[in-house]
Amino acid sequence: MWRYLRESGQINAQQLFYFLAERYFGKPFSWQEPAPLPSALIYHAGYSTGFAQWQSHYSESLAEARPVAILAFYRSHLQSGNTAMFDGLIEILEQEGLVPLVVAVSSLKDDVSVGLIESLVERTQAKVILNTTGFAANRVGSPDLASEPTDFQSAFASPIPVLQLILSGSTEEDWQAQTQGLRSRDVAMQIVLPEMDGRIITRALSFKASSHYNDIAQVDLVRYELHEERARFVAQLAKRFAILASKPNHQKRIAFVLANYPTKDGRIGNGVGLDTPASSVNLLKALEAAGYPIDNIPEHGNALIEELLGAVTNNPSTLHERGCWQSLALEEYLEYFYQLPLECQNAVWGR
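Residues numbered from 1 in each chain as written. Predicted model: local features only at pLDDT ≥ 70, side-chain atom pairs only at ≥ 80, totals over all residues. Heavy atoms only, no water.

**Student:** Quick one: what's the story with the environment of F337, residue by residue and with numbers?
**Tutor:** Topologically, F337 is positioned in helix α13 (residues 330–337). Measuring from C-alpha to C-alpha, the distance between F337 and V348 comes to 9.7 Å, with 11 residues separating the pair along the chain. (Helix = DSSP H or I, 4+ residues; strand = E, 2+ residues; numbered from the N terminus.)

**Student:** Tell me about the nonpolar core, and name the residues and values.
**Tutor:** Formed by 51 residues in total, the largest nonpolar core has its most connected members in I70, L71, I117, L120, I129, L130 and L165. If near-sequence neighbours (up to four positions away) are discounted, L130 is found in contact with I70, L71, A72, L93, L163, L165 and A238. I166, W175, A204 and F207 belong to the second largest nonpolar core, which has 6 residues in total. (Core = buried A, V, L, I, M, F, W, Y, C linked by side-chain atoms within 4.5 Å. Buried < 20%, exposed > 50% of the residue type's maximum accessible area, 1.4 Å probe, protein only. Contact = heavy atoms within 4.5 Å.)

**Student:** Any chance you could break down the packing of aromatic side chains for me, citing the residues and the numbers?
**Tutor:** One pass over the structure, following the stated rule, counts 12 aromatic pairs. Taking the centre distance of 5.4 Å and the plane angle of 80° together, the rings of Y43 and F73 count as edge-to-face. Of the two residues, Y43 sits in strand β1 (residues 40–44) while F73 sits in strand β3 (residues 68–74), which places them 30 residues apart along the sequence. We classify Y43 as buried; its relative accessible area is 1%. Ring pairing ties together the aromatic residues Y4, F19, Y24 and W31, which thus form one cluster. Sitting over the face of the ring of F51, R123 holds its NZ or CZ atom 3.9 Å from the ring centroid. Over the aromatic face of F233 sits the side chain of R203, whose NZ or CZ is 3.6 Å from the ring centroid. (Phe/Tyr/Trp six-rings, centres within 6.5 Å; stacked < 30°, edge-to-face > 60°. Lys NZ or Arg CZ within 6 Å of the ring centre and 35° of its normal.)

**Student:** Help me get a handle on helix α2 (residues 10–25), residues and values and all.
**Tutor:** Here α2 is 16 residues long and its end C-alpha atoms lie 22 Å apart, about the 22 Å a rise of 1.5 Å per residue gives. Buried residues of α2: N12, Q15, L16, F19, L20 and A21, and no others. Once α2 finishes, G26 follows within two positions and takes phi at roughly 65°, a positive value. (Expected span 1.5 Å × (residues − 1).)

**Student:** Which residues make up the packing of helix α6 (residues 84–95) against helix α10 (residues 228–246), and what values do they have?
**Tutor:** At their nearest, the axes of α6 and α10 sit 9 Å apart, and the two run at 50° to each other. The pairing of α6 with α10 is recorded here as oblique in orientation. Crossing hand, α6 versus α10: right-handed. Two secondary-structure elements touch here, α6 through L89, I92, L93 and Q95 and α10 through E228, A231, R232 and A235. Here the contact of α6 with α10 is built from residues that sort into 5 nonpolar, 1 polar and 2 charged. (Axes fitted to C-alpha atoms, helices over the stretch in contact; angles between N-to-C directions. Parallel < 35°, antiparallel > 145°, perpendicular 65-115°, else oblique. Left-handed = near helix turned anticlockwise from the far one by under 90°. Nonpolar A, V, L, I, M, F, W, Y, C, P; charged D, E, K, R; others polar.)

**Student:** Go over the pattern of salt bridges, please, and point to the residues and values.
**Tutor:** Following the criterion strictly, the structure yields 8 salt bridges and no others. E96 is paired through a salt bridge with R232; the nearest N and O atoms lie 2.9 Å apart. Pair noted here: E96 is in the loop between α6 and β4 (99–105) and R232 is in helix α10, with a separation of 136 residues, a long-range link. Classification of R232 by relative accessible area gives partly exposed; the value is 22%. Between E225 and R223 there is a salt bridge, and its shortest N-O distance comes to 2.7 Å. Exposure remark for E225: the relative accessible area of 34% places this residue in the partly exposed category. According to the relative accessible area criterion, R223 is partly exposed, its value standing at 30%. (Salt bridge = Lys/Arg side-chain N within 4 Å of Asp/Glu carboxyl O.)

**Student:** Give me helix α12 (residues 301–308): which residues, what numbers.
**Tutor:** A turn of α-helix holds 3.6 residues, and therefore any two residues three or four places apart point the same way. All buried positions along α12 are accounted for by G301, A303, L304 and I305. Here the buried face of α12 lies against α11 (276–289).

**Student:** Describe in detail the pairing of strand β8 (residues 219–226), supporting the description with residues and values.
**Tutor:** Relative to β8, strand β7 (residues 200–214) is paired through 8 bridges, and the arrangement is antiparallel. Paired with K208 across the strands is Y224, a residue of β8. Counting the residues in the hairpin turn of β7 and β8 gives 4 residues, including Q218, whose phi is positive at 55°. (Pairing = 2+ DSSP bridges.)

Geometric descriptors of this kind do not, in isolation, establish any biological role.
And the structure:
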């Protein structure tokens, strides 16, 4: 009985009841020994599956050269039968033109789990990884007071983007009521720490919700509930990253966003102990050398700041004193404007 519960999962739970019925209640059931669940496995339609079966299921999509996106979630969700949310996300990924390859893992600190994902990236030429596990996978010690920065590395050797999908530990109602959105626990485990692995933070796309009340166990059952609008946004974002991976560098456009807080022109690119302007120039030069469409790079950090101050900034005191060379045609502006909810449009017109 302990083995059934320890290995867990839908099949083991079913076999546990067959075992109990036959052993203690004299019912004519046959049962199988508890089946251990690997620390990492490919998931499809509620169960573990093999790579060949996955290929067969998506044969048409793969023949159309649709990009493969690897989706990783904790194996514990499979053990507890909490997979309906992931099934909904898989369907949305398919609708957005991606081929999802779903992997249930024990942890991104587990070598077997990371090794399986790496091998699947290589075999499928996957363009993006969608990760729903929390924390950081880095095993490097904490930074000390040294002059050199600590070398943090991604858990994955493959140079493809890893998008962090947030599964909120709170209800949607709690999330809506909070002015900061996510609670501190979610921010720490699913944003701050994953950023240490270089993951790209997306948004919360599921929340905890009450499934139903179980009369036999006399307990409220909780499930993860997918937020379809936010899940579709993440799926579209993942597809764009996948498409970007196939574009040559000269067709890509990169934007640098420098902080300016407090909003004074003397604080542009401010970073304690850092020379952000000089670093930005070095990055621009590296992008130029890699074939990105960049020209007229400032000679040094001071020249970069002087060029930025040649136009409007987010300093409210100088908004009306400097020229604005960024513009948008009225017709193009209205095209986007009319896509906003009517309530938002009316609020803007009211101002």
